[in-house]
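For reference, the chains in residue letters:
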Amino acid sequence: MILVLAGGVGAARFLEGLVQVVPPASITAVVNTGDDMQFHGLHIAPDLDIVTCTLADLIDQGQGWGIRGDTDACLSWLIKLGGPGWFKLGDRDLALHIRRTDLLRSGHTLSQVAEEFRRALGVAIRILPMSNDLVPTHILTDAGEMHFEEYLVQHRAVPQVHGVRFVGVEAATPAPGVLEAIATAEAILIAPSNPVVSVGPILALPGVREALQSSPAPVVTVSPIVGGAAIKGPAVPLMRALDLEISAFGVAQAYAGLLDGMVIDQVDADLRNLIEALGMRVAITDTIMRGPEEKANLARVSLELARGCGSL
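Because the structure is predicted, anything quoted here is derived from the model rather than measured.

Conventions and cut-offs
- Residues numbered from 1 in each chain as written.
- Predicted model: local features only at pLDDT ≥ 70, side-chain atom pairs only at ≥ 80, totals over all residues.
- Heavy atoms only, no water.
- 1 Å grid on protein atoms, 1.4 Å probe; cavity = no way out; pocket = protein on both sides within 12 Å on 5 of 7 lines; lining within 4 Å.
- Points joined across faces, edges and corners; volume = space filled by probe spheres on them.
- Helix = DSSP H or I, 4+ residues; strand = E, 2+ residues; numbered from the N terminus.
- Nonpolar A, V, L, I, M, F, W, Y, C, P; charged D, E, K, R; others polar.
- Pairing = 2+ DSSP bridges.
- Axes fitted to C-alpha atoms, helices over the stretch in contact; angles between N-to-C directions.
- Salt bridge = Lys/Arg side-chain N within 4 Å of Asp/Glu carboxyl O.
- Buried < 20%, exposed > 50% of the residue type's maximum accessible area, 1.4 Å probe, protein only.
- Arc of directions from axis to C-beta.
- Contact = heavy atoms within 4.5 Å.

Draft legend 1. Inspection of the layout of surface pockets at higher detail. There is about 1000 Å³ of room inside the largest pocket. Lining the largest pocket are 45 residues, with Val 9, Ile 50, Trp 65, Leu 152 and Lys 232 sitting closest to its centre. Among the secondary structure elements, those contributing two or more residues to the lining of the largest pocket are helix H1 (8-21), helix H2 (46-55), helix H4 (91-105) and helix H6 (148-154). Residue contributions to the lining of the largest pocket peak at five residues, all from H2. For the lining of the largest pocket, the per-class residue count stands at 24 nonpolar, eleven polar and ten charged.

Draft legend 2. A look at the sheet that holds strand E8 (residues 161-166). Strand order in the open sheet formed by three strands is E7-E6-E8, with antiparallel pairing between adjacent strands. Of all the strands in the sheet, the pair left with one neighbour each is strand E7 (144-147) and E8. For this sheet, the mean inter-axis angle between neighbouring strands, taken without regard to orientation, is 25°. For strand E6 (residues 137-141) and E8, the ladder comprises five bridges, and the chain directions are antiparallel. Bridge assignment links Leu 140 to a residue of E8, and that residue is Gly 163.

Draft legend 3. Representation of empty space enclosed by the protein. One pass over the structure, following the stated rule, counts two cavities of 30 Å³ or more. Roughly 50 Å³ of volume is contained in the largest cavity. Along its surface, the largest cavity is lined by Leu 48, Asp 49, Thr 52, Arg 100, Leu 110, Val 113, Ala 114 and Phe 117. Among the elements that take part in the lining of the largest cavity, helix H5 (residues 110-120) stands out by supplying four residues, more than any other. The residue inventory of the lining of the largest cavity, partitioned by class, reads five nonpolar, one polar and two charged. Within this model, the second largest cavity holds a volume of roughly 30 Å³. Taken together, Val 9, Ala 12, Arg 13, Glu 16, Thr 54, Ile 59, Gln 61 and Gly 64 form the lining of the second largest cavity.

Draft legend 4. Expanded view of the pattern of salt bridges. Scanning the model with the defined rule gives ten salt bridges in all. The partner of Arg 68 in a salt bridge is Asp 57, and the shortest N-O contact between them spans 3.8 Å. Here Arg 68 is found in the loop between H2 and helix H3 (73-80), whereas its partner Asp 57 is found in the loop between H2 and H3, with eleven residues between them in sequence. As a salt-bridge pair, Arg 99 and Asp 102 come within 3.8 Å of each other at their nearest N and O atoms. Highlighted residues: Arg 99 and Asp 102, both in helix H4, separated by three residues, approximately one helical turn. Arg 99 gets classed as partly exposed once you look at its relative accessible area, which sits at 38%. Owing to a relative accessible area of 45%, Asp 102 belongs among the partly exposed residues under this scheme.

Draft legend 5. View of H5. Looking only at H5, the buried set comprises Leu 110, Ser 111, Val 113, Ala 114, Phe 117 and Arg 118. Viewed along the axis of H5, the buried residues span an arc of 160°, placing them on a single side of the element. Projecting away from the buried face of H5 at angles above 90 degrees are the exposed residues Arg 119 and Ala 120. Along its buried surface, H5 packs onto strand E4 (42-44), H2, H4 and strand E5 (126-129).

These results come straight from atomic positions and should not be treated as a statement about function.
Below you can see the structure in the form of structure tokens.
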């Protein structure tokens, strides 16, 4: 079994490559839920939906989120009636949120909803939310403390960041199956996701970091920072706020004590020795996932590095 720690667009695209090189049924994705929030009275789960809809071939590839060809009639009416409109929700998108909220209110867990959705949409990999508990990611900024989606979407990542807080994480527990998946994995891959707000919340859950450290499986990540810049999203100001260098080396530092290997882009080849000095192996390839071939190649290189680090 291949375990992937996943969050957002980069992880979804990486998983698109991984299902090309190993049987999808052998993959388990543990997905960040720190971005989850309540909006229009509905439970929104951005990363779960991005991963699920991408693997169901429903995603708007241009954006990396939202359902391809969706309409916004409902949102337009919500705005007309005085509701907030800063978070864009398409009509088909809203169906996911309405159904999820209804199931949660009737007693289902988020894990059960994720399983129902992936089956309904024909997704073959196993998808686990990191936790069934609410653990919202808050960003501490010069404009005040706010939910990550407010910072990213409503405020367009403009306020200066001073810190990050995973609200309630100390009392939260990993979702059923998460720790077991870590313990039984043959390889653990950390997708090219934001290390602070996409993977950080998963690692902050009690027991997860310890499980990764004690797992016999090799742990390999792909750097989401290429040439000193983030491929997508606000990784740069968030990493800077935590005093992490804005480079593949800074990503390696963020995962200190966890990694056996790291995949970096060709433009960062000069960082190889620095990263290897941290005690891990390094593979160098094109990490920009432009299309199916590049996605599959990146997944293949990541698995080959894992094989070199362990017994896979």
